[in-house]
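# Structural overview for review
Below, each chain spelled out in residue letters.
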Amino acid sequence: MTVTPNAVPVLSSLYQQSVADYWNAEENPVNLRLGEVDGLYHHHYGIGEVDWSVLDGPAETRERRVVNELHRLESAQAETLIAHLGPLRPEHRVMDAGSGRGGSSFLANLRTGCQVDGVSISESQVAFANQQAKERGVDDKVRFHFRNMLETGFPTGGFQAIWNNESTMYVELSLLFAEHSRLLRRGGRYVCITGCYNDAYGLPSRAISQINAHYICDIHSRSTYFKELAAHRLVPVSVVDLTAATIPYWELRARTHLATGIEDAFLEAYKSGSFQYLLIAADRV
């Protein structure tokens with residue numbers, strides 16, 4: 001089992017090892033091709049109205065138009081998350097929990113000048129993101145670490161803001177929010193964007209089970225987020241239902257060369273009401 005320099009295991013279960021293996025091997029064009037547009041590799045979904053004209057016009061430039069449009073939508077999602085982090089200054093330290101190849105971390109630094117620590121259990125993605133930081137000339141401000149977001153080893157109260165962008169479904173929320181609560185200073189801000197199943201619908205739908213199997217994750221219920229936030233001194237200040245805003249992204253992606261086969265499950269789950277795409281911002285009290 002891989003360990004950190006202080007001998008604390010980063011991967012503490014066989015499940016975490018399987019997730020790390022998945023992301024270490026992941027080279028999906030829907031992530032890599034989009035990141036090549038401007039060097040921001042986001043690894044999440046998009047929101048906003050689609051410019052459907054990208055499907056028209058010359059066939060030889062259609063792929064480029066589609067890639068640019070999907071990247072515009074995923075960048076809009078990241079901008080929305082960052083806008084909810086509260087006022088950040090260059091002296092503030094923030095954490096990207098489940099940082100992937102670093103897109104949201106670089107964008108947060110670009111917009112606010114803050115110091116960013118990204119955390120991931122994928123060694124290959126950490127290496128990729130650190131190389132990106134060096135190439136972008138911000139490796140003194142944006143750093144990525146092979147650490148477990150459930151037990152980061154960072155100092156208590158050292159962060160002004162923390163976020164999860166589509167990464168909470170890989171962990172137990174009670175453990176995650178306990179660590180975030182420890183890391184955030186009083187008055188600090190936590191933000192997540194996540195897909196969650198709608199308790200009002202009932203148990204997770206078949207489509208949600210397909211999504212879980214596709215990504216080796218376990219989508220939580222909406223109520224579990226608010227229960228565990230309250231239990232760990234994280235008080236919601238804003239909850240935004242982004243479900244309607246993300247459906248156009250999935251409708252476009254399903255019609256492109258970048259479709260992965262999971263698009264129909266997302267669209268069925270969202271449109272049936274069994275699945276919701278939420279932004280939750282909470283203050284540490």
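Residues numbered from 1 in each chain as written. Predicted model: local features only at pLDDT ≥ 70, side-chain atom pairs only at ≥ 80, totals over all residues. Heavy atoms only, no water.

### Observations regarding the nonpolar core
Convention followed: As used here, the term nonpolar core means buried Ala, Val, Leu, Ile, Met, Phe, Trp, Tyr and Cys residues forming a set that is joined through side-chain atoms within 4.5 Å. The classification of residues rests on relative accessible area computed with a 1.4 Å probe and restricted to protein chains. Under 20% of the type maximum is buried, over 50% is exposed, and intermediate values are partly exposed. When checking whether two residues touch, look at their non-hydrogen atoms; a contact exists if any pair is within 4.5 Å.
Membership of the largest hydrophobic core comes to 88 residues, with the highest contact counts inside it found for Tyr-190 and Phe-266. If sequence neighbours within four positions are ignored, Phe-266 has contacts with Tyr-45, Ile-211, Tyr-215, Trp-250 and Phe-275.

### Remarks on the pairing of strand β2 (residues 115–120)
Along any regular strand, the residues point their side chains to alternate faces of the sheet. Counted only if it meets this: Secondary structure elements follow DSSP: runs of H or I of four or more residues count as helices, runs of E of two or more count as strands, with numbering from the N terminus. If DSSP finds at least two bridges between two strands, the strands pair. Assignment of crossover handedness uses the view with strands pointing away from the viewer, where a clockwise path from the first strand over the helix to the second indicates a right-handed crossover.
By the criterion of burial, β2 is predominantly enclosed, with 5 of the 6 residues buried. As judged from the 5 bridges shared by strand β1 (residues 93–97) and β2, these two strands associate in the parallel manner. The residue of β2 that forms the bridge with Met-95 is Asp-117. Each parallel crossover has a hand, and the one from β1 via helix α4 (residues 103–112) to β2 is right-handed. Here β2 pairs with strand β3 (residues 142–146) via 5 bridges, running parallel. Directly across from Val-116, in β3, lies its bridge partner Val-142. Where the polypeptide runs from β2 across helix α5 (residues 123–136) and back to β3, its parallel neighbour, the crossover connection is right-handed.

### What about the environment of Leu-184?
Among the structural elements, Leu-184 can be located in strand β5 (residues 184–197). Along the primary structure Leu-184 and Pro-155 are separated by 29 residues, whereas in three dimensions their C-alpha atoms are 9.5 Å apart.

### Side note on unusual backbone geometry
Residue His-43 is not a glycine yet carries a positive backbone phi of 60°. Of note, His-43 is situated in the loop between α2 (29–35) and α3 (62–83).

### Points about the sheet that holds strand β4 (residues 159–165)
Spelled out, the test is: Every angle, taken between N-to-C directions, lies between 0 and 180 degrees, and every axis is a line fitted to C-alpha atoms, over only the stretch in contact when it is a helix.
Taken together, the 7 strands give an open sheet; going across it, the order is β3-β2-β1-β4-β5-β7-β6, and neighbouring strands pair in mixed fashion. The open sheet has two edge strands with one neighbour each: β3 and β6 (234–241). Pairwise comparison of adjacent strand axes, ignoring direction, gives a mean angle of 20° for this sheet. Along the sheet face, α3 touches β4, β5 and β7 (275–284) and points at about 150° away from the line of β4. Sitting on the sheet, helix α8 (residues 222–231) touches β5, β6 and β7, and the angle it makes with β5 is about 165°.

### Some words on the packing of α3 against helix α9 (residues 243–253)
Put simply, the test is: Here the angle decides the label: under 35 degrees means roughly parallel, over 145 means roughly antiparallel, 65 to 115 means roughly perpendicular, and every other value means oblique. Two helices crossing with the near one rotated counterclockwise from the far one by less than a right angle form a left-handed crossing, whereas a clockwise rotation gives a right-handed crossing.
Running from N to C, α3 and α9 point in directions that differ by 160°, and their axes come no closer than 11 Å. Viewed along their axes, α3 and α9 adopt a mutual orientation that is roughly antiparallel. By crossing handedness, the relation of α3 to α9 is classed as left-handed. Seen from α3, the contacting residues are Glu-69, Leu-70 and Leu-73; seen from α9, they are Tyr-249, Leu-252 and Arg-253.

### A closer look at the layout of surface pockets
Selection criterion: A cavity here means a set of points on a 1 Å grid, drawn over the protein atoms and nothing else, where a 1.4 Å probe fits but cannot get out; a pocket is an open set with protein on both sides within 12 Å along at least five of seven lines, and a residue lines either one if it has an atom within 4 Å of a point. Grid points are joined across faces, edges and corners, and a volume is the space filled by probe spheres set on the points. Under this grouping Gly is polar, as are all residues other than the nonpolar Ala, Val, Leu, Ile, Met, Phe, Trp, Tyr, Cys and Pro and the charged Asp, Glu, Lys and Arg.
Looking at the largest pocket, its volume works out to about 730 Å³. In terms of lining, the largest pocket is formed by 46 residues, of which the most central are Trp-23, Glu-166, Ser-167, Met-169 and Tyr-170. Per element, the largest residue contribution to the lining of the largest pocket is 5 residues, and it comes from helix α1 (residues 14–25). Across the lining of the largest pocket, the residue classes break down as 20 nonpolar, 21 polar and 5 charged.

### Structural notes on helix α7 (residues 206–215)
Filter applied, for reference: Think of the arc as the fan of directions from the helix axis to the C-beta atoms.
Ala-207, Ile-208, Ile-211, Asn-212 and Tyr-215 are the residues of α7 that are buried. End-on, the buried residues of α7 take up no more than an arc of 145°, which puts them together on one face. Facing away from the buried side of α7 by more than 90 degrees, the exposed set consists of Arg-206 and Ala-213. Buried residues belonging to α7 abut α1, β5, α9, α10 (263–272) and β7. Looking one or two places after α7, you find Ile-216, whose phi comes out positive at around 55°.

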